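# Observations on chain architecture
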Amino acid sequence: MSAPALSSSALPGLDSVLFAAHLSERASLPAWWLEAKKAAWNQFLALPQPSRTDENWRFSNLKDLNLDGFTLPEDASQKIASSATFPQTAELVFSNRQLVTRSTLPADLAAKGVIFAPLDEALRDHGDLVKQYFQKHPASLGSEKFVALNTALTASGAFLYVPAGVEVALPFVIQHTLTGANVATFPHTLVVLGPRAKATVVEFFVSGGTATERQLAAGVNDLHAAEGAQLTYVGAQHWSRETLSFQVNSIAVERDARVLALNLHLGGRQSRHESHSRLLGPGAHSEMLALTVASGAREFDQRTLQTHIAPNTTSNLLYKNALLDTAKTIFSGLIIVEPDAQKTDAYQKNRNLMLSDEAEAHSLPGLEIRANDVRCSHGSTSARIDSEQEFYLQARGINPTEARRLLVSAFFEEVLNKLDDEVLHSALTALIASQFKR
Amino acid sequence: MPSLEIRDLFVALSATPDKPIVKGLTLTIRTGEVHAIMGPNGTGKSTLSKAIAGHPDYVITSGDVLLDGKSILAMEPDQRARAGIFLAFQYPSEIPGVTIANFVRAAVQARLAEGEDLDATAYYKRLYSKMDLLKIDRKFTSRAVNEGFSGGEKKRCEILQMAMLEPTFALMDETDSGLDIDALRIVAEGVEAMRGDKFGVMLITHYQRLLDYIVPDFVHVMYDGRIVKSGDKSLALELEAKGYDWIKQELATA
């Protein structure tokens with residue numbers, strides 16, 4: 001027998017010992033949940049790493065998807081304010097695995113049955129509700145292994161439930177802050193809007209500390225909008241420049257409901273984002289939006305699926321990437337129209353603004369139509385920044401960095417304009433602008 | 001007294017540096033002066049103004065441009081602008097998604113010291129007063145820069161920017177082209193309002209009519225890449241009456 005090679009087991013890692021410890025800390029949670037976590041852990045171990053032969057990972061950098069050497073962080077329980085610069089209904093701020101800031105839900109909303117709680121608390125107090133919706137419609141766009149890892153190890157989850165007919169004007173804010181080197185976080189956000197309910201959720205993903213530490217984030221969102229509900233979800237990813245990030249969105253839209261999901265991608269070293277919308281009832285609408293500032297040597301890998309299951313449903317996808325330096329983006333989108341989904345109106349567009357000759361944008365739009373009376377279109381464009389516009393701005397004394405910021409923000413305006421909330425709109429504009437500071 | 005000095009300047013397109021368009025042009029503009037540069041099409045007038053502003057399509061192959069005695073050729077376009085040079089474009093770019101208010105604000109902000117914040121109230125007060133002067137509807141502040149603007153609106157917007165940025169030297173490239181007589185008068189009034197001992201102008205134009213409203217101190221005729229004749233405002237009237245052919249003939253016989 002040869003001596004064991006120095007392997008990942010020699011380093012602290014996401015191994016079975018660590019999982020067992022994580023589970024034993026949660027022994028008081030419902031049995032079904034613990035079973036689900038065990039099953040997920042086994043699934044994580046059983047599923048292979050993404051491989052070159054997998055169409056879902058075409059063009060992706062696979063060699064740096066290694067999870068070796070990551071571990072769960074120590075609790076960092078210092079109080080942290082959220083990145084939200086706008087008025088909000090309530091907020092939950094997680095630092096590493098710990099909930100560190102929680103504002104009180106306004107009494108009138110609590111009285112109406114609104115629940116906004118960390119996932120572990122919701123599992124204790126509203127276990128049946130969580131069970132009913134947790135991963136009810138899993139996305140399957142390639143990251144199943146990392147979604148399984150999320151279910152197994154999630155500790156910083158959030159649950160929002162807005163009952164039938166309740167409308168909440170100001171956003172619910174969730175923030176995940178990760179501090180330390182070689183640490184991992186597994187955020188899971190579950191949002192359930194009852195019939196005709198209305199709410200906005202803004203979720204921030206930020207790194208604390210020096211922002212140069214190697215980190216892992218594998219997050220999942222389950223968004224459910226029941227009949228006639230209106231949900232706006234904004235996810236703002238601003239991880240450190242050495243973070244490996246997976247984020248998987250599942251969006252379920254029932255009859256006459258409307259979900260707008262806008263994901264802002266700014267940070268991370270390699271950031272994989274998957275989003276799957278299901279149009280489940282007639283009149284359902286899904287607006288899938290994303291804005292990416294791809295700078296440095298970052299890779300942003302976005303995979304989407306719009307599944308039209310019911311007739312008379314609409315979906316509109318617009319993903320815009322601004323590429324600088326030697327950054328790389330991948331967009332792969334598919335629209336599937338099921339046989340019953342007649343009168344579907346689906347649109348998918350990826351637009352890339354190239355601000356560097358060395359940046360690389362891949363676009364793989366696709367359609368799969370099994371009904372005969374539908375309107376579907378898709379497309380992708382890549383355009384270089386207009387040098388006359390750039391000169392015009394510089395001729396007014398605006399430095400090249402600021403000129404580019406203005407042109408990128410102009411390019412993004414079409415997407416941001418889809419937000420009804422002006423205050424949120426300008427907060428996101430400011431967050432994007434911060435990427436361009438010299 | 002501040003000066004903009006163009007010394008034996010040769011300019012070509014970056015793509016064809018061996019084919020000069022401006023061929024040994026020399027001219028000094030001091031603050032307080034308005035110099036009109038006239039001449040037929042294709043003689044290098046626009047090339048001259050764009051090269052001074054630092055347009056990347058043009059290359060200065062020899063000669064120099066000095067602002068207050070210091071060469072600006074090593075400066076980037078934005079640095080030249082902040083140093084006090086303003087190019088009023090013949091064809092201003094449309095920038096969808098950037099409002100006039102935000103655009104001008106970014107330009108004003110660019111002139112403040114690091115860390116100094118713009119006083120938004122004072123900024124809007126000033127912007128509105130300049131807009132009133134130029135008879136620009138206040139609704140324009142929320143419109144995208146030059147997008148869907150008429151020719152006259154674009155030129156008035158150029159003058160608005162000039163009025164807000166208060167350059168030391170303005171290079172006005174055919175600001176009168178595409179303007180009806182009312183717009184021309186408004187634009188001219190905007191320039192006249194800035195005229196004084198802290199402001200110098202190089203006014204490029206084909207036509208005498210703008211010079212009825214902005215009376216130049218000097219008139220230069222540019223032909224084949226250089227200044228071939230200089231005089232006062234009466235030279236413009238002479239050109240209006242006789243055209244450019246007599247200049248060409250004079251050159252041929254010289």
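Quick caveat: nothing in here was measured; it's all calculated off a predicted structure.

So, how was this worked out
- Residues numbered from 1 in each chain as written.
- Chains lettered and ligands numbered in written order.
- Predicted model: local features only at pLDDT ≥ 70, side-chain atom pairs only at ≥ 80, totals over all residues.
- Heavy atoms only, no water.
- Helix = DSSP H or I, 4+ residues; strand = E, 2+ residues; numbered from the N terminus.
- Rg over C-alpha atoms; globule rule 2.2 N^0.38 Å.
- Buried < 20%, exposed > 50% of the residue type's maximum accessible area, 1.4 Å probe, protein only.
- Areas by Shrake-Rupley, 256 points an atom, 1.4 Å probe, with all protein chains shown as cover.
- Lys, Arg positive; Asp, Glu negative; His and termini not counted.
- Charge placed at Lys NZ, Arg CZ, Asp CG, Glu CD.
- Contact = heavy atoms within 4.5 Å.
- Domains from an automatic or database assignment.
- Buried area = accessible area lost by both parts, 1.4 Å probe.
- Salt bridge = Lys/Arg side-chain N within 4 Å of Asp/Glu carboxyl O.
- Polar contact = N/O pair within 3.5 Å; in protein donor to acceptor, adjacent residues only side chain to side chain.
- Nonpolar A, V, L, I, M, F, W, Y, C, P; charged D, E, K, R; others polar.
- 1 Å grid on protein atoms, 1.4 Å probe; cavity = no way out; pocket = protein on both sides within 12 Å on 5 of 7 lines; lining within 4 Å.
- Points joined across faces, edges and corners; volume = space filled by probe spheres on them.
- Pairing = 2+ DSSP bridges.
- Axes fitted to C-alpha atoms, helices over the stretch in contact; angles between N-to-C directions.
- Left-handed = near helix turned anticlockwise from the far one by under 90°.
- Core = buried A, V, L, I, M, F, W, Y, C linked by side-chain atoms within 4.5 Å.
- pLDDT = per-residue confidence, 0-100.
- Expected span 1.5 Å × (residues − 1).
- Parallel < 35°, antiparallel > 145°, perpendicular 65-115°, else oblique.

A word on the overall build of chain A. When its secondary structure is counted, chain A shows 9 helices and 20 strands. In terms of C-alpha radius of gyration, chain A reaches 21 Å, essentially the compact-globule figure of 22 Å for 438 residues. Each principal axis of the C-alpha distribution contributes one length, and for chain A these read about 65 × 55 × 45 Å. The 438 residues of chain A split such that 60% are buried. Of the roughly 16500 Å² of accessible surface on chain A, a fraction of 50% belongs to carbon and sulfur atoms. Positive and negative side-chain charges of chain A, numbering 39 and 46 respectively, have mean locations separated by a distance of 1 Å.

Here we come to the overall build of chain B. A tally of regular secondary structure across chain B gives 9 helices and 12 strands. The C-alpha atoms of chain B give 18 Å as radius of gyration, which agrees with the globular expectation for 254 residues (18 Å, within 12%). Taken along the three principal axes of its C-alpha coordinates, chain B extends 60 × 40 × 35 Å. Looking at the 254 residues of chain B, the share that counts as buried comes to 50%.

Moving on, we come to helix α3 (residues 100-109) of chain B. Of all the 10 residues making up α3(B), 7 are buried; the element is thus mostly covered by neighbouring parts of the structure. If you check which residues of α3(B) are buried, you get I100(B), A101(B), F103(B), V104(B), A106(B), A107(B) and V108(B). If you follow the buried residues of α3(B), they end up packed against α7 (387-394) and α8 (400-416) of chain A together with β7 (95-99), α4 (120-133), β8 (144-145) and α5 (151-165) of chain B.

Attention shifts here to the domain arrangement of chain A. Residue and element names in this part refer to chain A. If you check the domain split of chain A, you get domain 1 (8-280) and domain 2 (385-438). Taking the mean C-alpha position of each, domain 1 and domain 2 sit 29 Å from one another. Of the roughly 1100 Å² buried where domain 1 meets domain 2, counting both sides, 84% is carbon and sulfur surface. Three residues, L262, L264 and L266, lead the burial of domain 1 against domain 2; their summed loss comes to 40% of the area buried on that side. In this assembly, domain 1 and domain 2 are joined by 0 salt bridges. The tally of links from domain 1 across to domain 2 stands at 2 residue pairs in polar contact (both at pLDDT 80 or more). For the side of domain 1 that touches domain 2, the secondary-structure elements that each account for two or more residues are β8 (198-207), β10 (230-238) and β12 (258-265). Top contributing element to the side of domain 1 that touches domain 2 by residue count: β10, with 4 residues. Taken together, the residues of the side of domain 1 that touches domain 2 sort by class into 11 nonpolar, 4 polar and no charged.

Once that is clear, we can look at empty space enclosed by the protein. Residues and elements named next belong to chain A. Summed over all chains, the structure comprises 3 cavities of 30 Å³ or more. Its boundaries defined by the atoms lining it, the largest cavity holds a volume of some 70 Å³. Lining the largest cavity are F205, G235, A236, Q237, S245, Q247, N263, L264, H265, S271, R272 and H273. For the lining of the largest cavity, the secondary structure elements donating two or more residues are β10, β11 (243-253), β12 and β13 (270-279). Residue composition of the lining of the largest cavity, by class: 3 nonpolar, 8 polar and 1 charged.

Further remarks concern the interface of chain B and chain A. In this assembly, 32 residues from chain B lie in contact with 18 residues from chain A. Summing both partners gives a buried area of about 1900 Å² for chain B against chain A, and 64% of it is carried by carbon and sulfur. Summed over the shared surface of chain B and chain A, the number is 1 salt bridge. Linking R396(A) and E158(B) is a salt bridge whose minimum nitrogen-to-oxygen distance equals 2.7 Å. Run the count over chain B and chain A and you get 12 residue pairs in polar contact (both at pLDDT 80 or more).

Residue and element names in this part refer to chain B. Spatially, 4 strands are ordered β2-β1-β4-β5 in an open sheet, and the strand pairing comes out antiparallel. Here the strands that pair on one side only, and so sit at the sheet edges, are β2 (20-30) and β5 (70-71). For strand β4 (residues 58-67) and β5, the ladder comprises 2 bridges, and the chain directions are antiparallel. The residue bridging L67 from the neighbouring strand is K70, located in β5.

Another point: the packing of α8(A) against helix α9 (residues 422-433) of chain A. All names here are of chain A. In the contact formed by α8 and α9, the axes pass within 11 Å of each other and the chain directions differ by 145 degrees. Crossing angle aside, the handedness with which α8 passes α9 is right-handed. Contacts between α8 and α9 involve R405, F412, E413 and L416 from the first element and H425, L428, T429, I432 and A433 from the second. Here the residues of the contact of α8 with α9 are counted per class, giving 5 nonpolar, 2 polar and 2 charged.

What follows deals with the sheet that holds strand β10 (residues 200-205) of chain B. All names here are of chain B. One open sheet holds the 6 strands; their spatial order is β6-β9-β10-β3-β11-β12, and the pairing between them is mixed. The sheet is open, and its two borders are formed by β6 (85-88) and β12 (226-231), each paired with just one other strand. Strand after strand, the sheet turns through a mean of 20 degrees between neighbouring axes, direction not considered. As defined by bridge partners, strand β3 (residues 34-38) adjoins β10 across 5 bridges and the pair is classed as parallel. When the bridges of β10 are listed, H35 appears paired with M202. Lying on the sheet, helix α8 (residues 233-242) is in contact with β3, β11 (218-223) and β12; it crosses β11 at an angle near 45 degrees.

Next up on the list: the nonpolar core. Core analysis: the biggest nonpolar cluster contains 120 residues, and L262(A), L48(B), I52(B), M162(B), M172(B) and M202(B) have the highest contact counts within it. The leading source of residues in this core is α8(A), at 9 residues. Two domains share this core, each providing at least three of its residues, namely domain 1 (8-280) and domain 2 (385-438) of chain A. Contacts of I52(B), omitting those with residues within four sequence positions, involve I6(B), V65(B), I72(B), R80(B), I85(B), L171(B) and M202(B). L62(A), L65(A), A117(A) and F134(A) belong to the second-largest nonpolar core, a separate cluster that totals 40 residues.

Here chain A averages 93 in pLDDT, while 97% of its residues score no lower than 70. Overall, residues 1-11 of chain A carries pLDDT values under 50, and its contacts beyond four positions in sequence, including any with other chains, amount to 2 contacts.

Residues and elements named next belong to chain B. Here helix α6 (residues 181-194) contains 14 residues, and its C-alpha end-to-end distance of 20 Å stays within 8% of the 20 Å for a straight helix at 1.5 Å per residue. Here α6 has its buried residues at A183, L184, I186, V187, A188, G190, V191 and M194. Buried residues along α6 sit against α5, β9 (169-173) and α7 (209-213). Its side-chain oxygen 3.2 Å from the backbone nitrogen of D182, D180 forms the N-cap of α6.

Moving on, we come to the layout of surface pockets. Size it by volume and the largest pocket reaches roughly 1400 Å³. Lining of the largest pocket is provided by 38 residues; of these, E402(A), R405(A), L406(A), A433(A) and A106(B) occupy positions nearest its centre. For the lining of the largest pocket, the secondary structure elements donating two or more residues are α8 and α9 of chain A together with β7 and α3 of chain B. For the lining of the largest pocket, a count of residues per class yields 11 nonpolar, 15 polar and 12 charged.

Let's shift gears to the packing of α4(B) against α5(B). Between two packed helices, what matters for the description is the angle formed by their axes and the separation of those axes. All names here are of chain B. Between α4 and α5, the shortest axis-to-axis distance is 10 Å and the interhelical angle comes to 135 degrees. Considering their axes alone, α4 and α5 lie oblique with respect to each other. In terms of crossing hand, the pair formed by α4 and α5 is right-handed. The segment α4 lies against α5, with Y123, R126, L127, K130 and M131 engaging L160, A163, M164 and L165. By residue class, the composition of the contact of α4 with α5 is 7 nonpolar, no polar and 2 charged.

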